[in-house]
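What the coordinates show
Residues per chain, in single letters:
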Amino acid sequence: MKKLLLLTISSLCLGLTACSNMPKECEQSWKHMEDLAKQSGIPADAIKAQKKQFEEQIKKMPKDQAIQACQAQNSVFGTVK
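1. Comments concerning the state of the cysteines
For the structure shown, the criterion picks out 1 disulfide. Between the sulfur atoms of Cys-26 and its disulfide partner Cys-70 the distance amounts to 2.1 Å. Judged by the sign of its S-S torsion, about 95°, the cystine formed by Cys-26 and Cys-70 is right-handed. Residue Cys-26 is located in helix 2 (residues 24–39), and its partner Cys-70 is located in helix 4 (residues 63–80); the two are separated by 44 residues in the primary sequence. Taken as a pair, Cys-26 and Cys-70 share a single burial class, namely buried.

2. Thoughts on the pattern of salt bridges
Inspection of every chain in the model, using the stated rule, returns 2 salt bridges. A salt bridge links Lys-31 to Asp-35; its shortest N-O distance comes to 3.3 Å. With a gap of 4 residues between them, Lys-31 and Asp-35 both fall in helix 2, about one helical turn apart. On the accessibility criterion, Lys-31 (43% relative accessible area) is partly exposed. The exposure class of Asp-35 is partly exposed, given its relative accessible area of 31%.

3. Structural notes on the nonpolar core
Ranked by size, the top nonpolar core spans 9 residues in total: Met-22, Cys-26, Trp-30, Ala-37, Ile-47, Phe-54, Ile-58, Ala-66 and Cys-70. Put simply, the parts of the chain that give this core at least two residues each are helix 2, helix 3 (44–60) and helix 4. Aside from chain neighbours lying at most four places away, what touches Met-22 is Glu-27, Phe-54, Glu-55 and Ile-58.

Reading guide: rules and limits
Residues numbered from 1 in each chain as written. Predicted model: local features only at pLDDT ≥ 70, side-chain atom pairs only at ≥ 80, totals over all residues. Heavy atoms only, no water. Disulfide = S-S within 2.5 Å. Helix = DSSP H or I, 4+ residues; strand = E, 2+ residues; numbered from the N terminus. Buried < 20%, exposed > 50% of the residue type's maximum accessible area, 1.4 Å probe, protein only. Salt bridge = Lys/Arg side-chain N within 4 Å of Asp/Glu carboxyl O. Core = buried A, V, L, I, M, F, W, Y, C linked by side-chain atoms within 4.5 Å. Contact = heavy atoms within 4.5 Å.

This is how it looks when you write it as structure tokens:
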């Protein structure tokens with residue numbers, strides 16, 4: 001029973017991720033921004049609002065342009081770490 005539940009939840013998560021319009025690079029970029037925001041003490045509701053705004057901006061861009069922008073952000077976050 002537990003294995004079936006775990007398999008179902010895993011499949012659902014994987015399916016939702018696969019249906020996402022966010023390129024992998026942008027998901028990584030958001031993760032870096034979210035971690036930095038949490039370390040800075042920004043409230044969770046403000047982080048949620050920023051995430052929504054970030055996703056809207058990415059969805060407005062052509063996919064290749066969004067990937068390039070997110071790769072640039074990732075390299076900046078890589079040097080900040």
